Amino acid sequence: MTRAVLSLGSNLGDRLDHLRTALATLGDAVLVVSGVYETPPWGESDQPAYLNAVLLAVDPIAGPYDWLARARAAERAAGRVRDPRRRFGPRTLDVDVIAVWTDDDRPVLSDDPELTLPHPRAHLRAFVLRPWIDIQPYAQLPGQGWLTDLLTSGPAAVQVSEMSPRPDLPLESKP
């Protein structure tokens, strides 16, 4: 069995519906999903605000590249078209594989450019760390440390004040 933390973001079209599309595409693998946060764009600032969330998924047979394939399938289901000229541009849905653990609770490490694990910029992004804390308050980002420490004293700390919780926009997770 593997478990994975995936980050969801959308800033085009019906943003909440795109996040829900990701949950539907990932299906029964989704164990729990965070609250939704509205955040300013990251990278390129000349674009609409994002809705972001994080989820924890499990699957007895999925490997790291299976999680990547599922993330890309969710993006396609939301009509995502990748523009190679705009790495941090607007998108209907972005699903990033943040971290993966094996069935014996070891983090998967990868320096493959196609799937770097853990995600190489997760520790810099409040829109990943803050929602992740919602679902795993005592979690650690492999190789980086405790989420709470990263969010309060790292580069992501300044971004927290720019985030707005959106309890009016619930996502569903398993009961």
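A brief look at the structure comes next. Since the structure is predicted, the reported quantities are computational estimates derived from the model, not experimental observations.

### Observations concerning the side chain of histidine 123
Residue position: histidine 123 is located in the loop between strand S7 (115-117) and helix H3 (126-135). Taking relative accessible area as the criterion, histidine 123 reaches 17% and is therefore assigned buried. Dropping the residues within four chain positions of it, histidine 123 is found in contact with Leu129, Leu141, Gln144, Leu150 and Ala156.

### Considerations on H3
Burial analysis of H3 places eight of its ten residues in the buried class, which makes it a mostly covered element. Every buried residue belonging to H3 is among Ala126, Phe127, Val128, Leu129, Pro131, Trp132, Ile133 and Ile135, and all of these are buried.

### Some words on the packing of helix H1 (residues 15-26) against helix H2 (residues 64-77)
With their axes 9 Å apart at the nearest point, H1 and H2 run at an angle of 130° to one another. By the criterion of interaxial angle, the relationship of H1 to H2 is oblique. Like other packed secondary-structure pairs, H1 and H2 cross with a definite hand, here right-handed. Residues Thr21, Ala22, Thr25 and Leu26 of H1 form the contact with H2, whose own contacting residues are Arg70, Ala73, Ala74 and Ala77. Taken together, the residues that form the contact of H1 with H2 break down as five nonpolar, two polar and one charged.

Parameters at a glance
- Residues numbered from 1 in each chain as written.
- Predicted model: local features only at pLDDT ≥ 70, side-chain atom pairs only at ≥ 80, totals over all residues.
- Heavy atoms only, no water.
- Helix = DSSP H or I, 4+ residues; strand = E, 2+ residues; numbered from the N terminus.
- Buried < 20%, exposed > 50% of the residue type's maximum accessible area, 1.4 Å probe, protein only.
- Contact = heavy atoms within 4.5 Å.
- Axes fitted to C-alpha atoms, helices over the stretch in contact; angles between N-to-C directions.
- Parallel < 35°, antiparallel > 145°, perpendicular 65-115°, else oblique.
- Left-handed = near helix turned anticlockwise from the far one by under 90°.
- Nonpolar A, V, L, I, M, F, W, Y, C, P; charged D, E, K, R; others polar.

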